[in-house]
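# Close look at the chain arrangement
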Amino acid sequence: MKTLHSDWFVEGLQDFEYKKYVLLAYLQSVKRAFDQSLLYPVFSDLISHYQNLHAFQQSKLQFEGAIPKQMRAVDWEKFQVLYASLLADDEALREIEEIVEFSLPQVKATVEEGKQLYELIEENIEIETVGLLPLYRDAGYLLLRGGNAHQVKAYSYQITMFESANERYRGIHSQFVADFTLSIGTTYESIKWELIRQQRDLPNPATFSVNSKLRFPEEASLVPVAKRKFVRFLAEFKD
């Protein structure tokens, strides 16, 4: 997939037609990934580019409001002094502004496509408990199954907390443990007990099945979306 530097719209040659070509080629590769249901890391990368463009536009407006202006002319009839922003004389900056104004709606529209794919994946994921749950649920196992396949991938998980200036956030760290195949003799419950037997560090783990009704690429789509949905599920979970 094509990539862009975070400052692609201000670096190097400031030519609108060239930058337009660079952006559209990048967005085309992003859409091809979405068409294959490949969500990450392309979606997060795309959102970063949108945020950078938007931040530049906002900071430029704030900067322009504070920039000193030079006197352009005097209207003696209205007794008004007419000013011209010093920014208007900067040809390179005008080119960047044109690039940003073109790029923002293009990138935003593609972000919406990624959002629709994310929501499609998320709405097809169902999370259920496996066996009795302990009081401590911030560590345990996720049993992931996609598209009604017989294969189940077991992941250990650990909920983490981190803080910003104003809020606390819940994150999740996961690690692949083992593959299992569902059968008459191998159920989610028996997989849980096998994990307990193999992994002695979690003698009474919280265990959840995570099933997707449709098949999606696991590492690029299903796993990251399932993890985010599980964090919310666990935060809202009631016995």
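Refer to the preceding data block for the structure.
Residues numbered from 1 in each chain as written. Predicted model: local features only at pLDDT ≥ 70, side-chain atom pairs only at ≥ 80, totals over all residues. Heavy atoms only, no water.

Before going further, it helps to examine the overall build of the protein chain. Along the protein chain, the regular secondary structure elements total five helices and seven strands. Reading the helices (α) and strands (β) of the protein chain from amino to carboxyl end gives α-α-β-β-α-β-β-β-β-α-β-α. Buried residues in the protein chain amount to 39% of all 239 residues. Across the protein chain, the fraction of contacts at a sequence separation of at least 24, relative to all contacts at a separation of at least 6, is 66%. Just so you have it, the protein chain exposes about 14500 Å², and 52% of that area is on carbon and sulfur atoms. (Helix = DSSP H or I, 4+ residues; strand = E, 2+ residues; numbered from the N terminus. Buried < 20%, exposed > 50% of the residue type's maximum accessible area, 1.4 Å probe, protein only. Contact = heavy atoms within 4.5 Å. Areas by Shrake-Rupley, 256 points an atom, 1.4 Å probe, with all protein chains shown as cover.)

Our focus in this paragraph is unusual backbone geometry. The linkage connecting Y40 with the following residue, P41, adopts the cis geometry, with an omega of 5°. Considering the arrangement of structural elements, one finds P41 in the loop between α1 (16–35) and α2 (42–66). In this structure, S37 takes a positive phi of about 60° despite not being glycine.

This part takes up a nonpolar patch on the surface. The grouping of L13, Y18 and Y21 at the surface amounts to a nonpolar patch, some 380 Å² of accessible area in total. With respect to the helices, strands and loops of the structure, Y21 is situated in helix α1. On the accessibility criterion, Y21 (60% relative accessible area) is exposed. (Patch = residues over 30% accessible without salt bridge, like charges linked within 9 Å, V, L, I, M, F, W, Y side chains within 5 Å. Salt bridge = Lys/Arg side-chain N within 4 Å of Asp/Glu carboxyl O.)

This brings us to the nonpolar core. Among the nonpolar cores identified, the biggest contains 45 residues, and F34, L39, L46, I125, Y157, F208 and F230 are the most heavily contacted of them. The element contributing the most residues to this core is helix α3 (residues 91–123), with 10 residues. Sequence-distant contacts of L39, defined by excluding residues within four places in its chain, comprise F34, G114, L117, Y118, I121, A220, S221 and V225. (Core = buried A, V, L, I, M, F, W, Y, C linked by side-chain atoms within 4.5 Å.)

So, on to the packing of aromatic side chains. Applying the stated criterion across every chain yields a total of 11 aromatic pairs. Ring centres of F34 and F43 lie 6.2 Å apart, and the angle between their planes is 75°; on these two criteria the pair is classed as edge-to-face. Relative accessible area serves as the criterion here: at 7%, F34 is assigned to the buried category. For the ring pair F230 and F233, a centre distance of 6.3 Å and an interplane angle of 25° mean the geometry is stacked. (Phe/Tyr/Trp six-rings, centres within 6.5 Å; stacked < 30°, edge-to-face > 60°.)

Now for the side chain of K192. As for its placement among the helices and strands, K192 is situated in helix α4 (residues 188–198). Buried charge K192 goes without a salt bridge, the closest partner of opposite sign being E189 at 8.4 Å. Once residues lying within four places of it in the same chain are set aside, the contact partners of K192 are V130, G131, L132, P205 and T207. (Lys, Arg positive; Asp, Glu negative; His and termini not counted.)

What follows concerns the packing of α1 against α3. It is at 10 Å that the axes of α1 and α3 come closest, and there the two elements cross at 5°. What the angle tells us is that α1 and α3 run roughly parallel. Residues F16, K19, K20, L23, L24, L27, V30, K31 and F34 of α1 pack against E95, E98, I99, F102, S103, Q106, V107, T110, E113, G114 and L117 of α3. Looking at the contact of α1 with α3 residue by residue, the class counts come to 10 nonpolar, four polar and six charged. (Axes fitted to C-alpha atoms, helices over the stretch in contact; angles between N-to-C directions. Parallel < 35°, antiparallel > 145°, perpendicular 65-115°, else oblique. Nonpolar A, V, L, I, M, F, W, Y, C, P; charged D, E, K, R; others polar.)

To continue, consider the side chain of S221. Tracing the backbone through its elements, the reader meets S221 in helix α5 (residues 218–236). A polar side-chain atom of S221 sits 3.1 Å from the main-chain amide nitrogen of L39. If we ignore the near neighbours within four places in the chain, the residues touching S221 are S37, L38, L39, I121 and F216. (Polar contact = N/O pair within 3.5 Å; in protein donor to acceptor, adjacent residues only side chain to side chain.)

For strand β4 (residues 139–146), a buried count of eight out of eight residues is recorded, marking the element as mostly surrounded by other parts of the structure. As paired elements, β4 and strand β7 (residues 206–212) share seven bridges and run parallel to each other. Bridge pairing in β7 places L142 opposite F208. (Pairing = 2+ DSSP bridges.)

Every α-helix winds through 3.6 residues per turn, so residues three or four apart in the chain are directed the same way. The first and last C-alpha atoms of α5 sit 25 Å apart over 19 residues, in line with the 27 Å expected at 1.5 Å per residue. Within the span of α5, buried status applies to A220, S221, L222, V223, P224, V225, A226, F230, V231 and L234. (Expected span 1.5 Å × (residues − 1).)

A cluster of like negative charges, contributed by D15, E17, E98 and E101, occupies part of the molecular surface. Relative to the assigned elements, E98 resides in helix α3. You can call E98 partly exposed: its relative accessible area is 39%. (Charge placed at Lys NZ, Arg CZ, Asp CG, Glu CD.)

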